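Working through the structure, step by step
Chain residues, written in single-letter form:
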Amino acid sequence: LELAGVDASRVDAVAGESGRGFVVLEDSGEVLSIVSRGANWRWDEAACDDAWADGVVRGASVVLLQREVPEFVNEAVAEAAARAKITVIQDCGGEDRGIADAQLKRCAYIAPNLSELARLAGADLGRDAADADVDAACRVLLKRGASKVLATLGARGCRLVTAQGVAAAPAVPGV
């Protein structure tokens, strides 16, 4: 990472196995993933205080969070980013769990795929869910505090839903 110019100064080694993620892309364009927690879950909650989180976001213009670490890590970093007026994008991939309304409010964008959106919104969305149903599920998250929901739909592209309206974009061919 360092050879590629990535700042790894906050990377720490811990005993035990590393976390692993496996992503499968089906011919239909559907994406499936399996996550093994490993070291990603060996966080000390007491160490994730304001000073630590402020240091994590210092100098950033955007913070991207994912759900393969304990939620208290994401919450602390999002709070620090909010204090520093830094844009937060919450990718909803990782462990299947709910998300607090307070966390939705801290994030400029919430980015679930279709199955994550269904879970977070309590909606019944199959892989062929109509756009109107996807938009309605996104609006559930808006009502809970999210400002923008970017629903990724695999081969169908994505839908950005805000209080002002909906924008849709096709999937990028060959990706």
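The preceding data block contains the structure.
Summarised in this report is the structure supplied together with it. (Residues numbered from 1 in each chain as written. Predicted model: local features only at pLDDT ≥ 70, side-chain atom pairs only at ≥ 80, totals over all residues. Heavy atoms only, no water.)

**Here's the deal with the overall build of the protein chain**
- When its secondary structure is counted, the protein chain shows 5 helices and 8 strands.
- Its C-alpha atoms give the protein chain a radius of gyration of 17 Å, near enough to 16 Å, the size a compact globule of 175 residues would have.
- When the backbone C-alpha atoms are referred to their principal axes, the protein chain occupies close to 45 × 35 × 30 Å.
- Taken over 175 residues, the protein chain has a buried fraction of 31%.
- A separation threshold of at least 6 residues defines the contact pool for the protein chain, and within that pool the share at least 24 residues apart is 49%.
- For the protein chain, the exposed area adds up to about 10,300 Å²; of that, 53% sits on carbon and sulfur atoms.
- Counting 19 positive and 26 negative side-chain charges, the protein chain places the averaged centre of each group 5 Å from the other. (Helix = DSSP H or I, 4+ residues; strand = E, 2+ residues; numbered from the N terminus. Rg over C-alpha atoms; globule rule 2.2 N^0.38 Å. Buried < 20%, exposed > 50% of the residue type's maximum accessible area, 1.4 Å probe, protein only. Contact = heavy atoms within 4.5 Å. Areas by Shrake-Rupley, 256 points an atom, 1.4 Å probe, with all protein chains shown as cover. Lys, Arg positive; Asp, Glu negative; His and termini not counted. Charge placed at Lys NZ, Arg CZ, Asp CG, Glu CD.)

**Observations regarding the side chain of Asp135**
- Its place among the elements puts Asp135 in helix H5 (residues 131–144).
- Each residue touching Asp135, except ones within four places of it in the same chain, is listed here: Arg159, Val161 and Val166.

**Comments concerning the pattern of salt bridges**
- For the structure on display, the rule yields 11 salt bridges.
- Ionic pairing is found between Asp131 and Arg156, a salt bridge with its closest N-O pair at 2.8 Å. With Asp131 in helix H5 and Arg156 in the loop between strand S6 (148–152) and strand S7 (158–162), this pair connects stretches of sequence that are 25 residues apart.
- Overall, Asp131 belongs to the partly exposed group, its relative accessible area being 36%.
- Here the salt bridges share partners, and the residues they tie into one network are Arg67, Glu71, Glu95 and Arg97. (Salt bridge = Lys/Arg side-chain N within 4 Å of Asp/Glu carboxyl O.)

**Regarding the pairing of S6**
- Residues Val149 and Ala151 point to one face of S6 and are all buried, whereas Lys148, Leu150 and Thr152, pointing to the other face, are not buried.
- The pairing of S6 with S7 spans 5 bridges and is antiparallel. Within S7, the residue paired with Leu150 across the bridge is Leu160.
- Where S6 folds back on S7, the antiparallel hairpin that results is connected by 5 residues, among which Gly154 adopts a positive phi of roughly 60°. (Pairing = 2+ DSSP bridges.)

**Description of helix H2 (residues 71–83)**
- Between the first and last C-alpha of H2 there are 18 Å, a value that for 13 residues agrees with the 18 Å anticipated at 1.5 Å per step.
- For H2, the complete set of buried residues consists of Glu71, Val73, Asn74, Ala76, Val77, Ala78, Ala80 and Ala81.
- Packing partners of the buried residues in H2 comprise helix H1 (50–57), strand S3 (62–67), strand S4 (87–94) and helix H3 (101–106).
- Backbone geometry just after H2 places Lys85 at a positive phi near 60°. (Expected span 1.5 Å × (residues − 1).)

**Description of the side chain of Arg67**
- Considering the arrangement of structural elements, one finds Arg67 in strand S3.
- A polar atom in the side chain of Arg67 sits 3.0 Å from the side chain of Glu71.
- Apart from residues no more than four positions distant in its own chain, Arg67 is found in contact with Asn74, Gln90, Asp91, Cys92, Gly93, Gly94, Glu95, Arg97, Gly98, Ile99, Arg119 and Leu120. (Polar contact = N/O pair within 3.5 Å; in protein donor to acceptor, adjacent residues only side chain to side chain.)

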